[in-house]
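Each chain, written out:
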Amino acid sequence: MTERSSKWLKDDLDRRIVRELQRNARESTTNIAARLNVARSTVHERIMRMEKDGVIAGYSVVLSKNPSEESIQVLVLMEVKQQETRKILRRLGQYAEIRLCLSINGEFDLFLSIEAPRIEDLDVVVDEIAEIPGVMRTKTFVVFGRRFDRGYNETAQRIAAQFMDVNTQSDG
C-alpha cells in the first residue's frame, strides 16, 4: 500500500462505510455496522479516523430540486485547435449554462456538461459553442436520467464555503 493510499481509504471496509454514509450520512453507526456485518466500534473508529485524516471533510444537507426548476442536461465533446484553447475556455466561461468543463485526452479535447430549462435553450448554446473560432467539431449527447451523482467536489466546496461564511460571520 502506498503512503498516499494509506491516508485515503485504507481498504474495502472504508469504501463500504463511505458508501453507506453517502447514502445517508445520518445513519447510526449501529445500523451501518449491522449492514456491513462488523462491530459498531469498528465503524465508529473508522469514521473517526477518516474524519481526522481529512478523508471525510464534513457532512451536508442535500436539498431536493424544485420541480418547477428542473433542467435538461447535455454532454458535449469538443475538438479544438490547441493554439486556441485559452481563448475558447474564456468564451466558454461566459456561459452560465455550462456547469462543468473538463480537459480530456483522446479524440476530443474538452468535455462539457450544460444545463438549461428547455431543450431549445440548449440548442442555442450548443450552436453558439460550435461557432467559437478554434472549435473544430462537437458531439452532443442528451442526458435522459441521472442514475447517481456523488458530486464529491461540489459538496466539498459547499461545505468549505459554508464553513468560511460561518467563521467570517463569527469573526466580525
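Parameters at a glance
- Residues numbered from 1 in each chain as written.
- Predicted model: local features only at pLDDT ≥ 70, side-chain atom pairs only at ≥ 80, totals over all residues.
- Heavy atoms only, no water.
- Helix = DSSP H or I, 4+ residues; strand = E, 2+ residues; numbered from the N terminus.
- Buried < 20%, exposed > 50% of the residue type's maximum accessible area, 1.4 Å probe, protein only.
- Contact = heavy atoms within 4.5 Å.
- Areas by Shrake-Rupley, 256 points an atom, 1.4 Å probe, with all protein chains shown as cover.
- Pairing = 2+ DSSP bridges.
- Axes fitted to C-alpha atoms, helices over the stretch in contact; angles between N-to-C directions.
- Core = buried A, V, L, I, M, F, W, Y, C linked by side-chain atoms within 4.5 Å.
- Patch = residues over 30% accessible without salt bridge, like charges linked within 9 Å, V, L, I, M, F, W, Y side chains within 5 Å.
- Salt bridge = Lys/Arg side-chain N within 4 Å of Asp/Glu carboxyl O.
- Lys, Arg positive; Asp, Glu negative; His and termini not counted.
- Charge placed at Lys NZ, Arg CZ, Asp CG, Glu CD.
- Parallel < 35°, antiparallel > 145°, perpendicular 65-115°, else oblique.
- Left-handed = near helix turned anticlockwise from the far one by under 90°.
- Nonpolar A, V, L, I, M, F, W, Y, C, P; charged D, E, K, R; others polar.
- Expected span 1.5 Å × (residues − 1).
- Arc of directions from axis to C-beta.
- Polar contact = N/O pair within 3.5 Å; in protein donor to acceptor, adjacent residues only side chain to side chain.

### What to know about the overall build of the chain
- Secondary structure summary: the chain contains 7 helices and 4 strands in total.
- Counting from the amino terminus, helix and strand elements in the chain follow one another as α-α-α-α-β-α-β-β-α-β-α.
- Of all 172 residues assigned to the chain, the portion counted as buried reaches 27%.
- Expressed as a percentage of contacts within the chain between residues at least 6 apart in sequence, the contacts between residues at least 24 apart total 64%.
- When the accessible area of the chain is evaluated, it comes to approximately 12,600 Å², of which 51% is carbon and sulfur surface.

### What about the sheet that holds strand β4 (residues 135-142)?
- The sheet built from 4 strands is open, its strands ordered β2-β3-β1-β4 with antiparallel pairing. With one partner strand each, in any of the chains shown, β2 (98-103) and β4 form the two edges of the open sheet. With direction set aside, neighbouring strand axes in the sheet form an average angle of 20°.
- Note that strand β1 (residues 72-80) and strand β3 (residues 110-116) share 7 bridges and pair antiparallel. Of the residues in β3, the one forming a bridge with Gln 73 is Glu 115.
- Together, β1, β2, β3 and β4 form the strand contacts of helix α6 (residues 119-130), whose direction differs from that of β3 by roughly 150°.

### What about the nonpolar core?
- Core analysis: the largest hydrophobic core is formed by 18 residues, its most contacted members being Met 78, Ile 88, Leu 92, Leu 112, Ile 114 and Ile 129.
- Within the residue set of this core, elements represented by two or more residues are β1, α5 (85-92), β3 and α6.
- Setting aside residues up to four positions removed in sequence, Ile 129 forms contacts with Met 78, Leu 92, Tyr 95, Ile 98, Leu 112, Ile 114 and Val 135.
- Residues Leu 13, Ala 33, Val 43 and Ile 47 belong to the second largest nonpolar core, which totals 13 residues.

### Side note on the environment of Ala 39
- By the secondary structure assignment, Ala 39 is in the loop between α3 (29-36) and α4 (40-52).
- The class of Ala 39 is partly exposed, set by a relative accessible area of 40%.
- Expressed as a C-alpha distance, the spacing of Ala 39 and Thr 29, which sit 10 residues apart in the sequence, is 9.2 Å.

### Examining a negative patch on the surface
- Negative charge collects at one region of the surface, where Asp 123, Asp 127, Glu 128 and Glu 131 lie side by side.
- Topologically, Glu 128 is positioned in helix α6.

### Quick notes on the packing of helix α2 (residues 12-23) against α3
- For the pair α2 and α3, the least separation of the axes is 11 Å and the interaxial angle reads 130°. Viewed along their axes, α2 and α3 adopt a mutual orientation that is oblique. Viewed along their axes, α2 and α3 form a crossing whose handedness is right-handed. In contact with Leu 13, Arg 16, Ile 17, Glu 20 and Leu 21 of α2, α3 contributes Ile 32, Arg 35 and Leu 36.
- Of the residues that constitute the contact of α2 with α3, the class distribution is 5 nonpolar, no polar and 3 charged.

### A look at α2
- Compared with the 16 Å implied by 1.5 Å per residue over 12 residues, the 17 Å span of α2 between its first and last C-alpha is a close match.
- Along α2, the residues that are buried comprise Leu 13, Asp 14, Ile 17, Val 18, Glu 20 and Leu 21. For α2, the angular spread of buried residues about the axis comes to 160°, placing them on one side.
- In this structure, the buried side of α2 is in contact with α3 and α4.
- Measuring from the backbone nitrogen of Leu 13 back to the side-chain oxygen at the start of α2 gives 3.1 Å, which picks out Asp 11 as the cap.

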